[in-house]
Amino acid sequence: AAPMPASLSFEQAAALPLTAITAWEALFDRLRVPSPPHAVPRKRLLVIGGAGGVGSVAVQLAAKVAGLEVIATASRPSSVAWVRELGAHHVIDHFGDMQAQLKTLGIEQVDYVLILNDTDRHFPAAAAIVAPQGTVCTIVENKDALDVSLLKSKSAGLVWEFMFTRSMYATPDMVEQGRLLEEVARLVDTGILRSTVSEVLSPINAANVRKAHALLEGGHVIGKVVLKD
Ligand SMILES: NC(=O)c1ccc[n+]([C@@H]2O[C@H](COP(=O)([O-])OP(=O)(O)OC[C@H]3O[C@@H](n4cnc5c(N)ncnc54)[C@H](OP(=O)(O)O)[C@@H]3O)[C@@H](O)[C@H]2O)c1
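This section reports on the structure supplied with the text. Here the residue numbering is sequential within each chain, running from 1 through the sequence in written order. Where local features are concerned, this predicted model is filtered to residues with pLDDT of at least 70; where side-chain atom pairs are given and counted, the filter is 80 or more; whole-chain, interface and lining totals use all residues. Just so you know, side-chain values use all the structure's heavy atoms and leave hydrogens and water out.

## As for the pairing of strand 8 (residues 224-227)
- Pairing between strands is defined by DSSP: at least two bridges between them are needed. Each helix corresponds to a stretch of at least 4 residues labelled H or I by DSSP, and each strand to a stretch of at least 2 residues labelled E; elements are numbered beginning at the N terminus. Bridging between strand 7 (residues 197-201) and strand 8 involves four bridges; their strand directions are parallel. By the bridge assignment for strand 8, Val 197 is matched with Lys 224.
- Assignment of crossover handedness uses the view with strands pointing away from the viewer, where a clockwise path from the first strand over the helix to the second indicates a right-handed crossover. Remark: the strand 7/helix 9 (residues 206-218)/strand 8 crossover connection has right-handed handedness.

Right under this line is the structure:
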């Protein structure tokens, strides 16, 4: 727990904690992205599913806080515009050949890959795109076995992020989630990060819960949908 950002309304703030914890832990605890200033050239991150709830925080943190060169994936004009507004330097389509699209941008490899959607589909491409000694992080469970040997010759790593790990196992560093939320609130209040709420449905009733679920099941939500009484 941490105080909410003073500059946000309750619905703007409600969009943030779960996704901010996930994105923060994925970048700084699992991928171990260092704090800036970095060595030159700047390290690169590919965020697969950049416009979703977690992606919308990850793109901002990576570009504005960690100082990475960020390539986000999005497949529609509105989601492409959204990730660009959040700070993505390049946008490619997750339904196309991502490696070929990166080559067109002059990018052969990236240091970090963050998979936020359909791990089964994207893991082979992530393994092809990640740099030697780089790291792939996913937050979405695979349905079939993943061929982790694809990472062997590169000595690349695969790491998981699950935002309930610390509380589920009552790890000794559980308090870190409160600390990171305090830092996220500070970054919001100083104008570095913004809320990712894209739609507020009110009041909280069966019809709006059904509508929110339908939006999520459609798979193309931008940012976060918030229910408000
Ligand atoms: N491990 C954890 O701790 C944790 C925490 C939070 C969420 N999650 C999981 O992470 C996933 C993402 O959740 P979320 O709320 O951030 O996002 P979301 O709302 O599920 O994602 C929507 C976004 O995904 C993009 N997308 C749709 N199909 C895709 C595909 N095949 N490949 C790549 N991107 C695709 C869409 O972009 P376009 O419209 O541009 O196609 C859309 O902007 C969910 O499965 C969720 O359960 C895990």
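## Thoughts on the site of the ligand
- Consider each residue's heavy atoms; a residue with any of them within 4 Å of a molecule or strand counts as near. As a matter of local geometry, the ligand sits amid 25 residues, with Ser 75, Ser 79, His 122, Met 163 and His 220 nearest to it.
- Contact between the ligand and Gly 53: an oxygen atom at 3.1 Å from a main-chain N or O atom of the residue.
- The contact in question runs from an oxygen atom of the ligand to an N or O atom on the backbone of Val 54, over 2.7 Å.
- When isolated, the ligand has an accessible area of 930 Å², and the protein chains bury 81% of it.
- Points on a 1 Å grid over protein atoms alone make up a cavity when a 1.4 Å probe fits among them but cannot get out, and a pocket when they form an open set with protein on both sides within 12 Å along at least five of seven lines; lining residues each have an atom within 4 Å of a point. For this analysis, a molecule is said to be in a pocket or cavity if more than half of its atoms are within 2 Å of the grid points defining it. Judged by the proximity of its atoms to the pocket grid, the ligand belongs to the largest pocket.
- Where the shell around the ligand is concerned, the elements lending two or more residues are helix 2 (17-30) and helix 3 (53-65).
- Along the lines of polarity and charge, the residues of the shell around the ligand split into twelve nonpolar, eleven polar and two charged. N or O atoms closer than or at 3.5 Å make up a polar contact, with two conditions inside protein: a donor-capable atom paired with an acceptor-capable one, and, for residues adjacent in sequence, both atoms drawn from side chains. Under the convention used here, a 1.4 Å probe and the Shrake-Rupley method define accessible areas, while residue burial counts only the protein chains that appear. Under the convention adopted here, Pro, Cys and the residues Ala, Val, Leu, Ile, Met, Phe, Trp and Tyr are nonpolar, Asp, Glu, Lys and Arg are charged, and Gly plus all remaining residues are polar.

## Considering helix 6 (residues 119-129)
- Relative accessibility decides the category of a residue: with a 1.4 Å probe and only protein chains considered, values under 20% of the type maximum give buried, values over 50% give exposed, and everything between is partly exposed. Burial in helix 6 covers these residues: Thr 119, His 122, Phe 123, Ala 126, Ala 127 and Ile 129. Within helix 6, the buried residues cover an arc of 155° as seen down the axis, which keeps them to one side.
- Contact between two residues is taken to exist if any of their heavy atoms lie within 4.5 Å; hydrogens are not considered. Elements that come into contact with the buried residues of helix 6 comprise strand 1 (44-48), helix 5 (98-104), strand 4 (110-115), strand 5 (130-138) and strand 6 (157-160). This arc is taken over the directions from the axis of the helix to the C-beta atoms.

## A look at the sheet that holds strand 1
- Pairing in this open sheet of six strands is parallel, and the strands run 3-2-1-4-5-6 from one edge to the other. Single-partner strands in this sheet number two, and they are strand 3 (90-92) and strand 6. Direction aside, the axes of adjacent strands within the sheet are offset by 20° on average.
- Sheet topology places strand 1 next to strand 2 (residues 69-73); four bridges connect them, and they run parallel. Looking across to strand 2, one finds that Leu 46 is bridged to Ile 71.
- Angles run from 0 to 180 degrees between N-to-C directions of axes, and those axes are lines fitted to C-alpha atoms, restricted for helices to the stretch in contact. This element, helix 6, spans strand 1, strand 4, strand 5 and strand 6 of the sheet and lies at about 160° to strand 5.

## Examining the pattern of salt bridges
- Any Lys or Arg side-chain nitrogen located within 4 Å of an Asp or Glu carboxyl oxygen qualifies as a salt bridge. Enumeration according to the criterion identifies ten salt bridges in this entry.
- The salt bridge involving Glu 25 is made with Arg 30; its shortest N-O contact spans 3.6 Å.
- Arg 30 is the salt-bridge partner of Glu 161, the closest N and O atoms lying 2.8 Å from each other. With Glu 161 in the loop between strand 6 and helix 7 (165-168) and Arg 30 in helix 2, the pair connects residues that are 131 residues apart, well separated along the chain.
- Taking the relative accessible area as the measure of exposure, Glu 161 reaches 2% and is therefore buried.
- It is possible to trace a salt-bridge network through shared partners that takes in Glu 25, Asp 29, Arg 30, Glu 161, Arg 166 and Asp 173.

## Concerning the side chain of Arg 166
- Counting through the fold element by element, Arg 166 comes out in helix 7.
- Those residues in contact with Arg 166 that lie beyond four places of it in its chain are Glu 25, Asp 29, Thr 171, Asp 173, Met 174, Glu 176 and Gln 177.

## Notes on the packing of helix 2 against helix 3
- Running from N to C, helix 2 and helix 3 point in directions that differ by 50°, and their axes come no closer than 8 Å. Comparing the axis directions of helix 2 and helix 3 gives the class oblique. Like other packed secondary-structure pairs, helix 2 and helix 3 cross with a definite hand, here right-handed. Mapping the contact onto sequence places Thr 19, Ala 20, Thr 22, Ala 23, Trp 24, Leu 27 and Phe 28 in helix 2 and Gly 53, Val 54, Val 57, Ala 58, Leu 61, Ala 62 and Val 65 in helix 3.
- Taken together, the residues that form the contact of helix 2 with helix 3 break down as eleven nonpolar, three polar and no charged. Working definition: roughly parallel below 35 degrees, roughly antiparallel above 145 degrees, roughly perpendicular at 65 to 115 degrees, and oblique for all remaining angles. Note: crossing handedness is left-handed where the near helix turns anticlockwise from the far helix by less than a right angle, and right-handed where it turns clockwise.

By themselves these figures say nothing about function.
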